[in-house]
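# Coordinates in review
Okay, here's what each chain looks like letter by letter:
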Amino acid sequence: MNKEKRIEILTRLRDNNPQPTTELMFSSPFELLISVLLSAQATDVSVNKATRPLYAVANTPQAILALGVDGVKTYIKTIGLFNTKAENVIKTCRMLIELHHGEVPEDRAALEALPGVGRKTANVVLNTAFGWPTIAVDTHIFRVCNRTKFAPGKNVDEVEQKLLRVVPAEFKVDCHHWFILHGRYTCIARKPRCGSCIIEDLCEFGEKVYPEE
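Residues numbered from 1 in each chain as written. Predicted model: local features only at pLDDT ≥ 70, side-chain atom pairs only at ≥ 80, totals over all residues. Heavy atoms only, no water.

### Here's the deal with the environment of L114
Selection criterion: Secondary structure elements are taken from DSSP: a helix is a run of H or I of four residues or more, a strand is a run of E of two residues or more, and numbering for both begins at the N terminus. Note on contacts: a residue pair qualifies if any of its non-hydrogen atoms lie within 4.5 Å across the two residues.
Of note, L114 is situated in the loop between α6 (108-112) and α7 (119-128). Discounting chain neighbours no more than four positions away, the residues touching L114 are L33, T92, M95 and L96.

### Digging into the domain arrangement of the protein chain
Let me state the cut-off plainly: A domain assignment, automatic or from a database, supplies the domain bounds used here. Once two parts are brought into contact, the accessible area they lose, counted with a 1.4 Å probe and summed over both, makes up the buried area. Each reported salt bridge corresponds to a side-chain nitrogen of Lys or Arg within 4 Å of a carboxyl oxygen of Asp or Glu. Polar contacts, as counted here, are pairs of nitrogen or oxygen atoms within 3.5 Å of one another; within protein the pair requires one atom able to donate a hydrogen and one able to accept it, and residues that are adjacent in sequence qualify only if both atoms are side-chain atoms.
Looking at the assigned domains, one finds that the protein chain contains domain 1 (3-20 + 135-202) and domain 2 (29-130). Between domain 1 and domain 2, the C-alpha centre-to-centre distance is 27 Å. Residue-level contacts link 12 residues of domain 1 with seven residues of domain 2. Taking both sides of the interface into account, the surface hidden between domain 1 and domain 2 amounts to around 650 Å²; carbon and sulfur atoms contribute 41%. The tally of links from domain 1 across to domain 2 stands at two salt bridges. Here D44 ties to R184 by a salt bridge, and the two come within 3.2 Å at their closest N and O atoms. Across the contact surface, domain 1 and domain 2 share six residue pairs in polar contact (both at pLDDT 80 or more).

### What about the pattern of salt bridges?
If you walk through the whole model with that rule in mind, you get eight salt bridges. In this structure, E8 engages R12 in a salt bridge whose closest nitrogen and oxygen atoms are separated by 2.9 Å. Taken together, the residues span about one helical turn, with E8 and R12 both in helix α1 (residues 3-16) at a distance of four residues. Here E112 makes a salt bridge to R108, at a shortest N to O gap of 3.5 Å. Taken together, the residues E112 and R108, both in helix α6 and four residues apart, mark about one turn of the helix.

### Some details on the packing of helix α2 (residues 29-38) against helix α5 (residues 82-100)
Quick reminder of the rule: Lines fitted to the C-alpha atoms define the axes, with helices restricted to the stretch that makes contact. Angles between their N-to-C directions range from 0 to 180 degrees. Small angles under 35 degrees read as roughly parallel and large ones over 145 as roughly antiparallel, with 65 to 115 read as roughly perpendicular and the rest as oblique. Each helix crossing is assigned a hand: it is left-handed if the near helix lies turned anticlockwise from the far helix by less than a right angle, otherwise right-handed if that turn is clockwise. Put simply, Ala, Val, Leu, Ile, Met, Phe, Trp, Tyr, Cys and Pro go in the nonpolar bin, Asp, Glu, Lys and Arg in the charged bin, and everything else, Gly too, in the polar bin.
Contact pair α2 / α5: the axes reach a minimum separation of 10 Å and the direction vectors enclose 150°. The pairing of α2 with α5 is recorded here as roughly antiparallel in orientation. In terms of crossing hand, the pair formed by α2 and α5 is right-handed. Two secondary-structure elements touch here, α2 through F30, L33, I34, L37 and L38 and α5 through K85, N88, V89, T92, C93 and L96. When the residues that make up the contact of α2 with α5 are grouped by side-chain class, the tally is eight nonpolar, two polar and one charged.

As structure tokens, then:
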């Protein structure tokens, strides 16, 4: 795929959704961090259902730490891996208080040092909370970038590095939101909705799927 085609794809996605953001519900960098931590192997919808009542009673590191592991579990038990996630949430809150004055650090290394926070989570927080031009690659972005040939790679790290190289600066901040939403609602895993895709004519996927006449 050439530069001109990539720019046209990004331009159409931007025109269709000029101000994209995560579908996770949050009102502070801390809420976003906890929601992204909880979203591993879970849907944004399921995370939002759990965090809405949680954040209503505790939406700071101090307040969640006061709930304790068992208290957190009562709110997130509908989410996959909730036992491990509850432990990580409490450990993360303790570290934020002890090392960062209760604030979410705007620093990749500091974020990745938090329990349960990997590169993808750090990228989401840096991008969505702080406006960094980072590109978090999840399963949706990995699929879209390989299927369309926009930025193919063997793993999420390869795709991320390719995207950082080929996406022009003006698109970098919003890029991962466009691709996530495109993969979630149009370029879906089992049967992509090519017939309703706004970049279908630019996509280099060789097995396009169209609804039967």
